[in-house]
Amino acid sequence: MRLIVADCTVNYRGRLDAHLPRAHRLIMIKADGCVAIHSDGGAYKPMNWMTSPNILVEEDDSLRVTNNDDELLEISIHCRISDTNYDFGDEPSLQKDGVEAHLQELLAINPQEIQEGLVLVKKEYYTDIGPVDLLCQDPTGEYVAVEIKRRGEIDGVEQLTRYLEFIGKDPDHSPVRGIFVAQIIKPQAKVLAESRGIAAIEVDYDHLRGLRRPQLSLF
Amino acid sequence: MKFKCERDVLVEALSTAGRAVSKNLPGLSGIQASLEGNQLTLTGTDRDLTIAVTSQVSGTENGTAVIPARLAAEIVKAIKPGGVELEVSEDSLLIQSGRSEFSIRLITSDEFPHLKPLDSETFTLASEDLAESLKQVVLAASSDDSRPILTGVLLAAEGEGFRLVATDSYRLAMRDIPNAAVLRQGQSVLIPSKALGELNRVLDKSEKVQVQLGETEAAFEVGDVKLVTRLIDGEFPNYRGLIPESHPNTLKVNRSEFLETLRRVKLLARESTPVRLEMSSEGTEMIAVTQDVGTARESIEGTYEGSDLTVAFNPQYLLEGIEVTPGEEITLSTIDELKPALIHSVGVEELLYLLMPVRVS
């Protein structure tokens, strides 16, 4: 990421002509080639921009960005106040709070998304060592304890194993098997779960909350 | 710039032009007001879509200024009905009506883009026909900006007329408009569905709409409203290959009754739950089941020809497809529970609505 703070004038020629008069602005040149010009306001949207692929030609007092559609973004730099480069490295995925709880809500409404034929017996089924997220029954009548995580790791499998031991001692809910559910399950967690007879199932959060809509598509 | 007009004229013009105003670009958060004689033109743009509205006013002094769109609209709406006078002086706009007087700062006009007129042939279409067609097709376009091609509506030459096609990859709507040659043979353009949605809002202003299709832009003129939109650059999916040649199963129903049933059963299709149609020679049932909430089941009057089949659909997509399909009788043609189904109006060939089923266990 290259950040240039400069006193500059900007002209854009393309679909429409636009002119930004001389002022102090932040010019962002991203690693993928996108160029964006920001003022000290206007929330997140740049005042002008050119997405990649494009060609950037730089001289001491100007930046000329062109693309295949004959659009031209010309930045005349009257005074370069700062010009710095940063290596951002790889972009980690966005992490949000509350996803785990929402996953639990959505799967309680529709446990068939976990496994065909599952019917919810109790959400937050309490044992002496804590609550298991969902207690369900499969079509054969067997109880199924479901532990839900956003990211499936070994400690989640360990937690479910303890619940299964406890619930298995209850004659009213025995036999019981386990399903470990997460958006993404780490390979080590999958291996551990399988070695203990626990199914490891990844679910699509966007699909569950209706954003991904039907799984079948025309193309 | 100085002029007088009726408040309601200004309210409508500001509202229409304001729909194209950028919500994010500070330099484009205004409406450009331009007065020449007694003709006032208000223009809003976000660079992709531009809407200009021309109104007759009583002009005193010509001029151009960019006024804050939202604030000006709120003020004009709030003042009492009747005459209103607007005057631009240096960097402010004075709005006077009765005992009310507002003075608001103008936006610098340097950043406002200059529109270039399109250098292409003008065609005229009947507004009513276009409005009906847009209503039927635009709904199938995607709102997902990560797939920009699918946010557009394809306008392609077809025989002696043209064809509108939109798809979000889960459904496809296709409408033919015969005997209206607005495109050269083989020509097609991809128009943003947002722009066509806005066009549809103003099509009742005149019986005719003038259309210009350029290389990178399209322009529509309806009465005193002109709408210019950037075209989407890219290749639309090969929609012809998506339409199955034949469907062995056909359910024929009364459209209104089917819609009413669907609206009732849909009440129990919560979250992402689909509605199922269980179809056999003995009858058809529509079912929705949401765990922990309940079940809805209703039998449907109609005739079914084909093999026994249970097929599930996104209830909203099914509802929208049937709502825009004209006629008293419609057919729902299916192949199996995983292949696209076709909704058709009996005896109407111009509209086709293709819908993917939802996989259910």
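Scroll up for the structure.
Presented here is an overview of the structure given in this document.

About the criteria used
- Residue positions are counted from 1 within each chain, in the order its sequence is given.
- Numbering of ligands from 1 and lettering of chains from A proceed in the order in which they are written.
- With pLDDT at 70 or above as the cut-off, local features in this predicted model cover only qualifying residues; side-chain atom pairs require 80 or more to be listed or tallied, and sums for whole chains, interfaces and linings still use all residues.
- Based on all heavy atoms of the structure, the side-chain values leave hydrogens and waters out of the count.
- Comment: elements are numbered from the N terminus, with helices defined as DSSP H or I runs of at least four residues and strands as E runs of at least two.
- Between buried and exposed lies partly exposed: a residue is buried under 20% and exposed over 50% of the maximum accessible area for its type, with that area taken using a 1.4 Å probe on protein chains only.
- Here, two residues are considered to be in contact whenever any of their heavy atoms come within 4.5 Å of each other.
- For the area figures, the Shrake-Rupley method with a 1.4 Å probe applies, and any residue is considered shielded solely by the protein chains shown.
- Just to be clear on terms, a salt bridge is a Lys or Arg side-chain nitrogen sitting within 4 Å of an Asp or Glu carboxyl oxygen.
- For two strands to be treated as a pair, DSSP must find no fewer than two bridges joining them.
- All axes are obtained by fitting lines to C-alpha atoms, using only the stretch in contact for helices, and the reported angles, taken between N-to-C directions, cover 0 to 180 degrees.
- Summed over both partners, the accessible area (1.4 Å probe) lost when two parts come together is defined as the buried area.
- Nitrogen and oxygen atoms within 3.5 Å of one another constitute a polar contact, given that in protein one can donate a hydrogen and the other can accept it, and given that sequence-neighbouring residues count only through two side-chain atoms.
- For the purposes of this section, nonpolar cores are sets of buried Ala, Val, Leu, Ile, Met, Phe, Trp, Tyr and Cys residues that join through side-chain atoms within 4.5 Å.
- Should an angle fall under 35 degrees it is called roughly parallel, over 145 degrees roughly antiparallel, and 65 to 115 degrees roughly perpendicular, with every other angle called oblique.
- Two helices that cross are described as forming a left-handed crossing if the nearer one is turned anticlockwise from the farther one by less than a right angle, and a right-handed crossing if clockwise.
- As used here, the arc belongs to the directions running from the helix axis to the C-beta atoms.

Let us look at the overall build of chain B. Each helix and strand counted, chain B has six helices and 26 strands in total. Looking at the 361 residues of chain B, the share that counts as buried comes to 53%. Put simply, 63% of the contacts in chain B that link residues at least 6 apart link residues at least 24 apart. With the model as given, the accessible surface of chain B reaches about 17000 Å², and the carbon-plus-sulfur share is 43%.

Taken as a whole and assessed by the stated rule, the structure comprises 32 salt bridges over all chains. Where R2 of chain A meets D83 of chain A, a salt bridge forms, and the shortest distance between an N and an O atom there is 2.8 Å. Of this pair, R2 of chain A sits in strand β1 (residues 2-13) while D83 of chain A sits in strand β7 (residues 72-85), and the two are 81 residues apart along the sequence. Using a relative accessible area of 32% as the deciding quantity, one classes D83 of chain A as partly exposed. Here E12 of chain B and K205 of chain B are joined by a salt bridge, their closest N and O atoms 2.3 Å apart. On the criterion of sequence distance, the pair formed by E12 of chain B in helix α1 (residues 7-18) and K205 of chain B in the loop between α4 (193-202) and β15 (208-213) is long-range, its members being 193 residues apart. E12 of chain B gets classed as partly exposed once you look at its relative accessible area, which sits at 44%. A residue is classified by how much of its surface remains accessible, and K205 of chain B, at 31% relative accessible area, is partly exposed. Beyond isolated ion pairs, a larger network of salt bridges with shared partners links R2, E58, R80 and D83 of chain A.

On to the sheet that holds strand β10 (residues 143-152) of chain A, then. Residue and element names in this part refer to chain A. In space, the five strands of this open sheet follow the order β8-β9-β10-β11-β12, with mixed pairing throughout. In this open sheet, the two strands that pair with only one neighbour each are β8 (119-127) and β12 (199-202). For this sheet, the mean angle separating the axes of adjacent strands, direction not counted, is 30 degrees. Note: strand β9 (residues 130-137) against β10, four bridges, orientation antiparallel. Note that in β10 the partner of C136 across the bridge is V144. In the packing of helix α2 (residues 154-168) onto the sheet, contacts are made with β8, β9, β10 and β11 (176-185), and the angle to β11 comes to roughly 160 degrees.

In this complex, chain A contributes 37 residues to the contact, which on the side of chain B involves 40 residues. Buried area between chain A and chain B, summed over both chains or domains, comes out near 3500 Å², and the portion from carbon and sulfur atoms is 58%. It is R15, L216 and L218 of chain A in chain A that bury the most area against chain B; as a group they hold 23% of the surface buried on that side. Seen at the junction of chain A and chain B, the total is zero salt bridges. Counting every contact that joins chain A to chain B gives two residue pairs in polar contact (both at pLDDT 80 or more). Contributing elements (two or more residues each) for the side of chain A that touches chain B: β2 (18-29), β4 (48-50), α1 (99-109), β8 and α4 (205-208) of chain A. Broken down by element, the residue count for the side of chain A that touches chain B peaks at four residues, all from β2 of chain A.

Before going further, it helps to spend a moment on the nonpolar core. Counting residues in hydrophobic clusters, the biggest one holds 99 residues, and the most contacted among them are L10 and L199 of chain B. When residues no more than four places from it in sequence are discounted, the contact partners of L10 of chain B are F3, C5, L40, L42, V76, V84 and L86 of chain B. Counting 19 residues, the second largest nonpolar core, distinct from the first, contains L107, L120, L134 and L208 of chain A.

Looking at the secondary structure, you find N48 of chain A in strand β4. When near neighbours in sequence (up to four residues on either side) are disregarded, N48 of chain A contacts Y12, A18, L20, V35, A36, I37 and L73 of chain A together with R47 of chain B.

The next thing to look at is the sheet that holds strand β23 (residues 309-313) of chain B. Residues and elements named next belong to chain B. The strand order across the open sheet formed by four strands is β21-β20-β19-β23, and the pairing between neighbours is antiparallel. Because the sheet does not close on itself, it has two edges, and the strands there are β21 (294-300) and β23. The mean inter-strand angle of the sheet, taken between neighbouring strand axes irrespective of direction, is 20 degrees. The pairing of strand β19 (residues 275-280) with β23 spans five bridges and is antiparallel. In the sheet register, L277 faces β23, and the bridge partner there is V311.

Time to look at the packing of α1 of chain B against helix α2 (residues 69-78) of chain B. Residues and elements named next belong to chain B. Where α1 contacts α2, the axes come no closer than 9 Å and their chain directions differ by 150 degrees. When the axes of α1 and α2 are compared, the pair comes out roughly antiparallel. Seen along the crossing, α1 lies across α2 with a hand that is left-handed. Contacts between α1 and α2 involve R7, L10, V11 and L14 from the first element and A72, A73, V76 and K77 from the second.

A negative phi holds for most residues other than glycine; trans holds for most peptide bonds. All names here are of chain A. Going from S52 to P53, the amide bond is cis rather than trans, its omega being 5 degrees. Position of P53 relative to the elements: it lies in the loop between β4 and β5 (55-59). The linkage connecting S174 with the following residue, P175, adopts the cis geometry, with an omega of 5 degrees. Unlike most non-glycine residues, D70 shows phi in positive territory, near 65 degrees. In this fold, D70 is placed in the loop between β6 (62-66) and β7. In this structure, E124 is a non-glycine residue whose phi angle is positive, near 55 degrees. Examined against the element boundaries, E124 turns out to sit in strand β8. Residue classification places E124 among the partly exposed residues on the basis of a relative accessible area of 26%.

Here we come to helix α5 (residues 255-265) of chain B. Residues and elements named next belong to chain B. Buried residues of α5: R255, F258, L259, T261, L262 and V265, and no others. In an axial view of α5, the angular spread of the buried residues amounts to 165 degrees, which keeps them on one side of the axis. Tucked inside the fold, the buried residues of α5 contact β18 (249-254), β19, β20 (283-290), β21, α6 (315-324) and β24 (329-334).

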